[in-house]
Amino acid sequence: MNNVFDNPAKWSENVIIADADFIDKVAFDLTVNFERMLMRRIPKADLARWIDCVALDGGVREGKNEVQVVLIHDKKTERLDNFTPSDIKTEINGMAFNDHLGEFSMSAYPVEELVSKADFIAEAAMIASSQKEVKRVMVVPDDEEAYAKVRHAIRRIDDEGKRITLFAMQPMEGGNFRQEILGYSLMSALGIKGEEIK
(Lines give C-alpha, C1' and ligand atoms only; values in the text may rest on other atoms or scores of the structure.)
Protein backbone atom coordinates (compact mmCIF):
# COMPACT_ATOMS: atom_id res chain seq x y z
CA MET A 1 0.00 0.00 0.00
CA ASN A 2 3.02 2.27 -0.48
CA ASN A 3 3.13 2.96 3.27
CA VAL A 4 0.21 5.40 2.89
CA PHE A 5 -1.20 4.25 6.23
CA ASP A 6 2.02 3.29 8.02
CA ASN A 7 3.09 6.65 9.48
CA PRO A 8 1.69 6.83 13.04
CA ALA A 9 2.16 10.61 13.08
CA LYS A 10 -0.64 10.87 10.54
CA TRP A 11 -3.34 9.20 12.66
CA SER A 12 -5.96 11.09 14.64
CA GLU A 13 -7.80 9.78 17.70
CA ASN A 14 -10.87 9.24 15.49
CA VAL A 15 -10.67 7.71 12.01
CA ILE A 16 -13.40 7.21 9.41
CA ILE A 17 -12.52 4.91 6.49
CA ALA A 18 -15.14 4.70 3.73
CA ASP A 19 -15.59 3.28 0.26
CA ALA A 20 -16.43 6.51 -1.58
CA ASP A 21 -17.96 4.77 -4.61
CA PHE A 22 -20.23 2.72 -2.36
CA ILE A 23 -21.57 5.65 -0.35
CA ASP A 24 -22.18 7.53 -3.61
CA LYS A 25 -24.13 4.57 -5.03
CA VAL A 26 -26.21 4.18 -1.86
CA ALA A 27 -26.94 7.93 -1.82
CA PHE A 28 -28.18 7.63 -5.44
CA ASP A 29 -30.37 4.61 -4.62
CA LEU A 30 -31.87 6.38 -1.59
CA THR A 31 -32.50 9.53 -3.64
CA VAL A 32 -34.36 7.63 -6.36
CA ASN A 33 -36.46 5.66 -3.86
CA PHE A 34 -37.34 8.58 -1.59
CA GLU A 35 -38.13 10.98 -4.44
CA ARG A 36 -40.74 8.45 -5.55
CA MET A 37 -42.01 7.80 -2.04
CA LEU A 38 -42.08 11.41 -0.78
CA MET A 39 -43.01 12.92 -4.15
CA ARG A 40 -40.42 15.67 -3.79
CA ARG A 41 -36.94 16.39 -5.08
CA ILE A 42 -34.12 15.15 -2.84
CA PRO A 43 -31.00 17.38 -2.89
CA LYS A 44 -27.48 15.99 -3.09
CA ALA A 45 -26.18 14.62 0.19
CA ASP A 46 -24.24 17.05 2.36
CA LEU A 47 -20.84 15.34 2.77
CA ALA A 48 -19.98 17.18 5.99
CA ARG A 49 -23.38 16.29 7.50
CA TRP A 50 -22.90 12.63 6.56
CA ILE A 51 -19.42 12.59 8.10
CA ASP A 52 -20.84 14.16 11.29
CA CYS A 53 -23.53 11.46 11.50
CA VAL A 54 -20.98 8.66 11.02
CA ALA A 55 -18.74 10.22 13.68
CA LEU A 56 -21.67 10.42 16.13
CA ASP A 57 -22.66 6.81 15.38
CA GLY A 58 -19.02 5.85 16.02
CA GLY A 59 -18.96 7.45 19.47
CA VAL A 60 -17.50 10.91 18.80
CA ARG A 61 -19.18 13.53 21.01
CA GLU A 62 -19.28 17.33 20.90
CA GLY A 63 -15.92 18.93 21.63
CA LYS A 64 -12.52 19.70 20.17
CA ASN A 65 -12.01 16.32 18.55
CA GLU A 66 -9.78 15.57 15.61
CA VAL A 67 -11.30 13.23 13.04
CA GLN A 68 -9.40 11.84 10.09
CA VAL A 69 -11.62 10.94 7.13
CA VAL A 70 -10.14 8.52 4.57
CA LEU A 71 -12.16 8.05 1.39
CA ILE A 72 -11.01 5.16 -0.79
CA HIS A 73 -12.18 5.24 -4.40
CA ASP A 74 -11.75 3.57 -7.77
CA LYS A 75 -8.91 5.05 -9.80
CA LYS A 76 -11.34 6.29 -12.47
CA THR A 77 -13.64 8.06 -9.99
CA GLU A 78 -13.17 11.84 -10.12
CA ARG A 79 -16.28 12.97 -8.27
CA LEU A 80 -19.07 11.86 -5.98
CA ASP A 81 -22.11 12.52 -8.16
CA ASN A 82 -24.61 12.43 -5.30
CA PHE A 83 -22.75 14.53 -2.71
CA THR A 84 -21.78 18.13 -2.24
CA PRO A 85 -18.91 18.93 -2.29
CA SER A 86 -18.24 16.39 -5.00
CA ASP A 87 -14.90 16.83 -6.80
CA ILE A 88 -12.45 14.44 -5.16
CA LYS A 89 -9.22 16.22 -6.17
CA THR A 90 -10.20 19.87 -5.72
CA GLU A 91 -13.00 19.88 -3.12
CA ILE A 92 -12.40 16.84 -0.90
CA ASN A 93 -8.81 15.54 -0.85
CA GLY A 94 -6.64 17.59 1.50
CA MET A 95 -9.58 19.70 2.72
CA ALA A 96 -10.85 20.13 6.28
CA PHE A 97 -13.82 21.57 8.11
CA ASN A 98 -14.67 22.49 11.69
CA ASP A 99 -17.96 22.19 13.52
CA HIS A 100 -19.36 21.38 16.97
CA LEU A 101 -17.69 17.93 16.92
CA GLY A 102 -14.20 19.23 16.13
CA GLU A 103 -11.92 19.35 13.11
CA PHE A 104 -12.33 16.90 10.25
CA SER A 105 -9.46 16.43 7.80
CA MET A 106 -10.27 14.60 4.57
CA SER A 107 -8.01 12.48 2.36
CA ALA A 108 -8.89 10.49 -0.74
CA TYR A 109 -6.89 7.53 -2.03
CA PRO A 110 -7.43 5.77 -5.36
CA VAL A 111 -7.14 1.99 -5.47
CA GLU A 112 -4.25 0.86 -7.65
CA GLU A 113 -4.35 -2.32 -9.76
CA LEU A 114 -2.14 -4.24 -7.32
CA VAL A 115 -4.85 -4.65 -4.69
CA SER A 116 -8.65 -4.92 -4.58
CA LYS A 117 -10.63 -2.15 -2.94
CA ALA A 118 -11.95 -4.63 -0.35
CA ASP A 119 -8.38 -5.61 0.59
CA PHE A 120 -7.27 -1.95 0.64
CA ILE A 121 -10.09 -0.98 3.03
CA ALA A 122 -9.52 -4.06 5.22
CA GLU A 123 -5.81 -3.29 5.53
CA ALA A 124 -6.49 0.39 6.25
CA ALA A 125 -8.98 -0.62 8.97
CA MET A 126 -6.49 -3.05 10.51
CA ILE A 127 -3.64 -0.52 10.49
CA ALA A 128 -5.80 2.27 11.93
CA SER A 129 -7.24 -0.03 14.60
CA SER A 130 -3.77 -1.12 15.70
CA GLN A 131 -2.45 2.43 16.25
CA LYS A 132 -2.13 3.35 19.93
CA GLU A 133 -3.37 6.92 19.51
CA VAL A 134 -6.49 5.87 17.58
CA LYS A 135 -9.46 5.43 19.94
CA ARG A 136 -12.37 5.17 17.49
CA VAL A 137 -12.41 3.63 14.01
CA MET A 138 -15.49 3.83 11.79
CA VAL A 139 -15.43 1.73 8.62
CA VAL A 140 -17.84 1.78 5.67
CA PRO A 141 -16.93 -1.15 3.40
CA ASP A 142 -18.80 -1.95 0.19
CA ASP A 143 -20.54 -5.30 0.00
CA GLU A 144 -20.66 -8.51 2.00
CA GLU A 145 -17.25 -9.62 0.69
CA ALA A 146 -15.58 -6.35 1.72
CA TYR A 147 -17.40 -6.41 5.07
CA ALA A 148 -16.17 -9.97 5.70
CA LYS A 149 -12.59 -8.96 4.83
CA VAL A 150 -12.70 -6.03 7.26
CA ARG A 151 -14.25 -8.24 9.96
CA HIS A 152 -11.46 -10.79 9.42
CA ALA A 153 -8.72 -8.12 9.39
CA ILE A 154 -9.73 -6.58 12.73
CA ARG A 155 -10.56 -9.81 14.56
CA ARG A 156 -7.26 -9.81 16.47
CA ILE A 157 -7.48 -6.20 17.65
CA ASP A 158 -8.02 -6.71 21.38
CA ASP A 159 -7.50 -3.24 22.82
CA GLU A 160 -10.43 -2.90 25.22
CA GLY A 161 -10.21 0.91 25.05
CA LYS A 162 -10.83 0.98 21.30
CA ARG A 163 -14.24 1.44 19.70
CA ILE A 164 -14.55 0.01 16.19
CA THR A 165 -17.82 0.50 14.30
CA LEU A 166 -18.68 -1.08 10.94
CA PHE A 167 -21.48 0.36 8.79
CA ALA A 168 -23.69 -1.64 6.43
CA MET A 169 -27.13 -1.29 4.90
CA GLN A 170 -28.46 -4.21 6.97
CA PRO A 171 -27.38 -6.14 10.07
CA MET A 172 -24.42 -8.37 9.22
CA GLU A 173 -22.47 -11.14 10.92
CA GLY A 174 -20.81 -9.68 14.01
CA GLY A 175 -17.37 -9.66 15.54
CA ASN A 176 -15.38 -7.65 18.06
CA PHE A 177 -16.91 -4.37 16.87
CA ARG A 178 -20.15 -2.41 16.87
CA GLN A 179 -22.51 -2.18 13.91
CA GLU A 180 -24.57 0.72 12.60
CA ILE A 181 -27.00 0.98 9.69
CA LEU A 182 -25.47 3.19 6.97
CA GLY A 183 -28.83 4.30 5.56
CA TYR A 184 -29.69 6.47 8.58
CA SER A 185 -26.63 8.72 8.25
CA LEU A 186 -27.15 9.03 4.49
CA MET A 187 -30.84 9.86 4.92
CA SER A 188 -29.88 12.65 7.30
CA ALA A 189 -27.29 13.97 4.84
CA LEU A 190 -29.95 13.91 2.08
CA GLY A 191 -32.32 15.99 4.22
CA ILE A 192 -34.86 13.16 4.70
CA LYS A 193 -36.58 13.55 8.07
CA GLY A 194 -37.92 10.64 10.10
CA GLU A 195 -41.42 12.12 10.32
CA GLU A 196 -41.64 12.16 6.50
CA ILE A 197 -41.44 8.37 6.27
CA LYS A 198 -43.80 7.35 9.09
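In the block above lies the structure referred to throughout.
A quick note: this is a predicted structure, and the numbers were derived from the prediction, not measured. (Residues numbered from 1 in each chain as written. Predicted model: local features only at pLDDT ≥ 70, side-chain atom pairs only at ≥ 80, totals over all residues. Heavy atoms only, no water.)

*Asks:* Summarise the side chain of Ser107; cite the residues concerned and give the values.
*Replies:* With respect to the helices, strands and loops of the structure, Ser107 is situated in strand S6 (residues 102-111). Of the residues examined, Ser107 reaches a relative accessible area of 18% and is grouped as buried. Non-local contacts of Ser107, meaning those with residues more than four positions away in its chain, are made with Val69, Val70, Leu71, Asn93 and Gly94. (Helix = DSSP H or I, 4+ residues; strand = E, 2+ residues; numbered from the N terminus. Buried < 20%, exposed > 50% of the residue type's maximum accessible area, 1.4 Å probe, protein only. Contact = heavy atoms within 4.5 Å.)

*Asks:* Describe the pairing of strand S5 (residues 96-99), naming the residues involved and giving the relevant values.
*Replies:* The pairing of S5 with S6 spans 4 bridges and is classified as antiparallel. Residue pairing in the sheet places Ala96 in a bridge with Ser105 of S6. Taken together, S5 and the strand that follows it, S6, pair antiparallel across an intervening segment of 2 residues. (Pairing = 2+ DSSP bridges.)

*Asks:* Go over the nonpolar core with me, naming the residues and quoting the values.
*Replies:* Formed by 39 residues in total, the largest nonpolar core has its most connected members in Trp50, Ile51 and Phe83. For this core, the secondary-structure elements that each account for two or more residues are strand S1 (14-19), helix H1 (20-38), helix H2 (47-57), strand S3 (65-74), helix H3 (88-92), S6, strand S7 (136-140) and helix H6 (182-189). Apart from residues lying up to four places away in sequence, Ile51 is in contact with Ile16, Val69, Phe97, Phe104 and Met106. One finds Ala122, Val137, Tyr147 and Phe177 within the second-largest nonpolar core, a separate group that totals 26 residues. (Core = buried A, V, L, I, M, F, W, Y, C linked by side-chain atoms within 4.5 Å.)

*Asks:* Describe the environment of Lys132, naming the residues involved and giving the relevant values.
*Replies:* Relative to the helices and strands, Lys132 is located in the loop between helix H4 (117-129) and S7. Sequence separation of Lys132 and Thr90 is 42 residues, and the distance between their C-alpha atoms is 32 Å.

*Asks:* Go over the pattern of salt bridges with me, naming the residues and quoting the values.
*Replies:* Following the criterion strictly, the structure yields 14 salt bridges and no others. Residue Lys117 is joined to Asp74 by a salt bridge in which the shortest nitrogen-to-oxygen separation is 3.1 Å. Note that Lys117 is positioned in helix H4 and Asp74 in strand S3, a separation of 43 residues in sequence. Relative accessible area serves as the criterion here: at 13%, Lys117 is assigned to the buried category. (Salt bridge = Lys/Arg side-chain N within 4 Å of Asp/Glu carboxyl O.)

*Asks:* Before we move on, can you summarise H2 with the specific residues and values?
*Replies:* Owing to its 3.6 residues per turn, the α-helix brings residues three or four apart onto one side. Where H2 is concerned, the buried positions are Leu47, Trp50, Ile51, Asp52, Cys53, Val54 and Ala55. Of the residues flanking the start of H2, the one acting as N-cap is Asp46, its side-chain oxygen 3.0 Å from the backbone nitrogen of Ala48. (Polar contact = N/O pair within 3.5 Å; in protein donor to acceptor, adjacent residues only side chain to side chain.)

*Asks:* Can you explain the packing of H2 against H6? Please cite residues and give values.
*Replies:* It is at 8 Å that the axes of H2 and H6 come closest, and there the two elements cross at 145°. Viewed along their axes, H2 and H6 form a crossing whose handedness is right-handed. Packed against H2, whose contacting residues are Arg49, Trp50, Cys53, Val54 and Asp57, the element H6 presents Leu182, Ser185, Leu186, Ser188 and Ala189 at the interface. When the residues that make up the contact of H2 with H6 are grouped by side-chain class, the tally is 6 nonpolar, 2 polar and 2 charged. (Axes fitted to C-alpha atoms, helices over the stretch in contact; angles between N-to-C directions. Left-handed = near helix turned anticlockwise from the far one by under 90°. Nonpolar A, V, L, I, M, F, W, Y, C, P; charged D, E, K, R; others polar.)

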